[in-house]
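If you want the building blocks of each chain, they are given just below.
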Amino acid sequence: MKFYEESDLPIYIQVAEWLENEILRGQFEPDDKIYSQYQLADLFTINPATAGKGLTILFDHDILYKKRGLGMFVTPHARSVILSKRKNEKLTLLVNGIVDEAERLEVPFDELIDMLKSAKMKTQGRDKND
Amino acid sequence: MSLNEVSLIDVVRKQVHFKWKSYTGIFQSLLILQILGLFISTLGEGSMSEPGYGRSISVQYYSSSILVGMTAMWLFINSMLLTTSAYREDDFTFVSTRWSRLLANFTFIISLALLGTVTSFLSMNVLKVYLFIKNDELILTNSLTFFETISSLVVLLSYLILICAAAYTIGSIIQRNKWVGFGLSMLLIVLGAISVDYEGTPINFLIYFIMFDSSLMLLLFKLSLANGFLFFISWMVSDNQEVRV
Amino acid sequence: MIECKKLSKKYRSHSALSNLNCTIQENTITGVIGRNGAGKTTFMKLIAGYLKKTSGELHVMEENPFTSLKVSANSIFIDDQMSLPTSLNLKELLNSFARFYPNWNEPLANELMTYFQLPQKAYMQNLSKGMRSTFQAIIGFAARCPLTIYDEPTTGMDAAVRKDFYRALLKDYLAFPRTILLSSHHLEEIENLLENVLIIHDQKAFMHLSVSELKESVVAVKGEKAAVNEFASMHNKLSINESFPGMAMAVVQVNNYIRRENFPHLTFSNLTANEAFIYLTDSREGGIDRVFERSELD
């Protein structure tokens, strides 16, 4: 297993995201035991403490829970947490991007809202025709 | 990860064992020197002849003094070499402290002296056997009782240990401070030269006092004290020594 | 495991370390990083008990490493100048180590010797530089000392062997956790293995932090010269360079997380740990380019 060494993100965040992907893919069901920091270290050739940091992030976001002496397990609502987190991050980034771009092109805000409305109608129309 | 507790005796034992296994050069040179010494001894030490009417006597003297002398030299040189940086750094690659190393070196030196004593004694007997086989003439040896043989060997051993200890101490001083060590060696050589030529000098007195005595026990006691003193000096000198590696 | 307070090592002609403070926890892999001559090797030799400190406090396993038998028995120092007797072949050398170190793992040593194709009957003097380093690395692994110190262990190793070395280091650490100090000039190769880095600079412990903290403390900023300058002046500017006319790139040390959205005219990028280290420790303004600029002026 290799990491994208070109990636800007710190290793522990890459580990967290990889685990999130594994959960989304269905590799881990709710209440399944997730990889330990040692297993992750072995998998990716990284320091176990770094892997542990990645696990801690997921724990902080309520994606994993701890069982004393046994390790970390997937929470029942992990999937939905991950989806909404990703949604928020991605969507927020895109929205900010649109606002910035509109400013740069000197498009007034009302025109921007109109553009959003027509885009919405287009997708609604698409849905109706399906 | 729990730490291992180790005892000093354990470490010293391992160090001595290591030295026996790895200092093969020392043992090889002993072998060569002994053979050489034997050969030289067969040449004899002196002769005497007495001519006369109808009969003449010629006597050839043989002794193993050369052999013992060469063994002593071998011990001296190697004891001094033990203090040099190559040997020192080898010790510290493994488990060692300055104190454990000193104890191990002294134990090793004593065992070397023992080896030297035993091999010299055996060589002397080889010499006797050789001469017995080679010559038809009468052979006289100074026959000693068992006790005398043993005690003379013990005394020889003690002298050899003293030589080793002195060499090691001088070596340690040289390693610590080259100039002091050099100066000290020069001083000893000069004193030695003086004591050979002149009797009654203080250094003469000291040497005779330590090394000669009619009582065996007292002699051994004096030699042990001298060795102890040298051991102490070595410790003082090598205590703070750094290892560059 | 290791505690230093105002540790100093001075020689007659120069000083190697002065007032170094640091604490190294048990069972961590710490990278000891610094420029050439910064004092890394001196620091590690002091910890190993080879050198004696001039002043300050140094405790390893709560004892003085220079005199402690416990420290000597529980630690091992691996570098490319390891003094080994020339009369013993590799197998005999391994046996010697096995006798001294109670945690010695014989099967591991033999397997590694086979894997790296080191002949058991060979002598150190006849090995190539790379093979010697490999052998010394094997000693470090098999000894399993609670404190294992590697001073530039990969000198002479080719890239493939280096990769194996790092993997072996990690695997053995996972199997048998211990305190490891590792110094290397290839920080970019080892940064994933490390938990923390101790940067030795100007004879002191310049920084001691986790690898991720190191990377997060430095950021590269690109954009219009004015904007870049303004941003850089708000933080600790490490270097600034005019790439195109009117455009500039600066490397800046930041104290806390930067909300990049607040600076729409600037492009941010992260640096590798190695790059961060270089910028943080380089006091020469403008880098090597300056030398050429200055010489062109004449």
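In case you missed it, the structure is sitting above this.
Just so it is clear, the structure is predicted and the values come from calculations on it, not from any experiment.

Student: Is there a simple way to think about the side chain of Glu22(A) in this case?
Tutor: Residue and element names in this part refer to chain A. Take Glu22: it is sitting in helix 1 (residues 11-25). Classification of Glu22 as buried rests on a relative accessible area of 7%. There is a polar contact of 3.2 Å between the side chain of Glu22 and the side chain of Arg25. Apart from residues no more than four positions distant in its own chain, Glu22 is found in contact with Gln27 and Phe28.

Student: Please clarify how the packing of helix 4 (residues 85-93) of chain B against helix 5 (residues 98-134) of chain B should be interpreted in this entry.
Tutor: In a packed pair of helices, the relevant descriptors are the angle between the two axes and the axis-to-axis distance. All names here are of chain B. Where helix 4 meets helix 5, the axes come as close as 11 Å, and the angle between the chain directions of the two elements is 120°. Of the possible angle classes, the one that applies to helix 4 and helix 5 is oblique. Note that helix 4 runs across helix 5; the crossing there is right-handed. Of the residues in helix 5, those touching helix 4 at Arg88, Asp91 and Phe92 are Arg98, Arg101 and Asn105.

Student: For this particular structure, what's the right way to read the packing of aromatic side chains?
Tutor: The description of an aromatic ring pair uses the distance of the two centres, along with the angle that the planes make with each other. Inspection of the entire model under this criterion finds 26 aromatic pairs over all chains. Each ring, one from Tyr65(A) and one from Phe73(A), has its centre 5.8 Å from the other, and the planes form 25°; the classification is stacked. A ring pair is formed by Phe94(B) and Phe97(C), whose centres lie 4.4 Å apart and whose planes are at 40°; its orientation type is tilted. Here Phe94(B) is found in the loop between helix 4 and helix 5, whereas its partner Phe97(C) is found in helix 3 (residues 90-100) on a different chain. What makes Phe94(B) buried here is its relative accessible area of 2%. Judged by relative accessible area, Phe97(C) falls into the buried class, the value being 0%. Taken together through their ring pairs, the aromatic side chains of Phe18(B), Phe94(B), Phe97(C), Phe100(C), Tyr101(C) and Trp104(C) make up a single cluster. Of note, Lys66(A) hangs over the ring of Phe59(A), and the distance from its end group to the ring centre comes to 4.7 Å. For Arg98(B), the ring lying beneath its charged end belongs to Phe66(C), and the centroid distance is 3.7 Å.

Student: Is there a simple way to think about the pattern of salt bridges in this case?
Tutor: Opposite charge on two side chains lets them pair, provided their charged atoms get close. Counted by the stated rule, this structure contains 19 salt bridges over all chains. Salt-bridge contacts for Asp42(A) lead to Lys171(C); the nearest nitrogen and oxygen are separated by 3.1 Å. With Asp42(A) in helix 2 (residues 37-44) and Lys171(C) in helix 6 (residues 159-175), this pair bridges two chains. A residue is classified by how much of its surface remains accessible, and Asp42(A), at 25% relative accessible area, is partly exposed.

Student: Mind showing me how you'd approach the interface of chain C and chain B here?
Tutor: Where interface size is quoted, it is often the accessible area lost as the parts come together. On the side of chain B, 33 residues touch chain C, which itself brings 38 residues to the contact. At the boundary of chain C with chain B, total buried surface from both sides reaches about 3,200 Å², with 61% on carbon and sulfur atoms. On the chain C side of the interface with chain B, the three residues burying the most area are Tyr50(C), Leu69(C) and Phe100(C), jointly 24% of the side's total. Where chain C meets chain B, there are 1 salt bridge. Across the pair Lys9(C) and Glu242(B) runs a salt bridge whose closest N-O atoms are separated by 2.8 Å. Between the two partners, chain C and chain B, sit 15 residue pairs in polar contact (both at pLDDT 80 or more). Elements that contribute at least two residues to the side of chain C that touches chain B include exactly helix 2 (69-74) and helix 3 of chain C.

Student: When you look at helix 10 (residues 273-281) of chain C in this model, what are you seeing that I'm missing?
Tutor: The α-helix advances 3.6 residues per turn, and as a result positions three or four apart in sequence lie on the same side. Listing the buried residues of helix 10 of chain C in full gives Ala273(C), Asn274(C), Ala276(C), Phe277(C), Leu280(C) and Thr281(C). Looking straight down helix 10 of chain C, one finds its buried side chains confined to an arc of 160°; they lie on one side.

Student: Quick question: what am I supposed to make of helix 3 (residues 48-60) of chain A here?
Tutor: With 13 residues, helix 3 of chain A should cover 18 Å at 1.5 Å per step; its first-to-last C-alpha distance of 18 Å lies within 8% of that length. Within the span of helix 3 of chain A, buried status applies to Pro48(A), Thr50(A), Ala51(A), Gly52(A), Gly54(A), Leu55(A) and Leu58(A). Buried residues along helix 3 of chain A sit in contact with helix 1, helix 2, strand 1 (64-67) and strand 2 (71-74) of chain A together with helix 6 of chain C. A side-chain oxygen of the first residue of helix 3 of chain A lies 2.8 Å from the backbone nitrogen of Ala49(A); this N-cap is Asn47(A). Asp62(A) occupies a position one or two residues after helix 3 of chain A and carries a positive phi of about 70°.

Student: Got a minute to help me understand the sheet that holds strand 10 (residues 218-224) of chain C in this structure?
Tutor: Within a sheet, neighbouring strands are paired by backbone hydrogen bonds and run either parallel or antiparallel to one another. Residues and elements named next belong to chain C. Spatially, the 4 strands line up as an open sheet ordered 11-12-10-13, and their pairing is antiparallel. Each having just a single partner strand, strand 11 (236-241) and strand 13 (266-270) make up the two edges of the open sheet. The sheet shows a mean angle of 25° between the axes of neighbouring strands, direction not considered. Bridge analysis of strand 10 against strand 12 (residues 247-253) gives 7 bridges, and the strand direction is antiparallel. Within strand 12, the residue paired with Ala220 across the bridge is Val251. The sheet strands contacting helix 9 (residues 225-234) are strand 10, strand 11, strand 12 and strand 13, and the helix crosses strand 10 at an angle near 150°.

Reading guide: rules and limits
- Residues numbered from 1 in each chain as written.
- Chains lettered and ligands numbered in written order.
- Predicted model: local features only at pLDDT ≥ 70, side-chain atom pairs only at ≥ 80, totals over all residues.
- Heavy atoms only, no water.
- Helix = DSSP H or I, 4+ residues; strand = E, 2+ residues; numbered from the N terminus.
- Buried < 20%, exposed > 50% of the residue type's maximum accessible area, 1.4 Å probe, protein only.
- Polar contact = N/O pair within 3.5 Å; in protein donor to acceptor, adjacent residues only side chain to side chain.
- Contact = heavy atoms within 4.5 Å.
- Axes fitted to C-alpha atoms, helices over the stretch in contact; angles between N-to-C directions.
- Parallel < 35°, antiparallel > 145°, perpendicular 65-115°, else oblique.
- Left-handed = near helix turned anticlockwise from the far one by under 90°.
- Phe/Tyr/Trp six-rings, centres within 6.5 Å; stacked < 30°, edge-to-face > 60°.
- Lys NZ or Arg CZ within 6 Å of the ring centre and 35° of its normal.
- Salt bridge = Lys/Arg side-chain N within 4 Å of Asp/Glu carboxyl O.
- Buried area = accessible area lost by both parts, 1.4 Å probe.
- Arc of directions from axis to C-beta.
- Expected span 1.5 Å × (residues − 1).
- Pairing = 2+ DSSP bridges.

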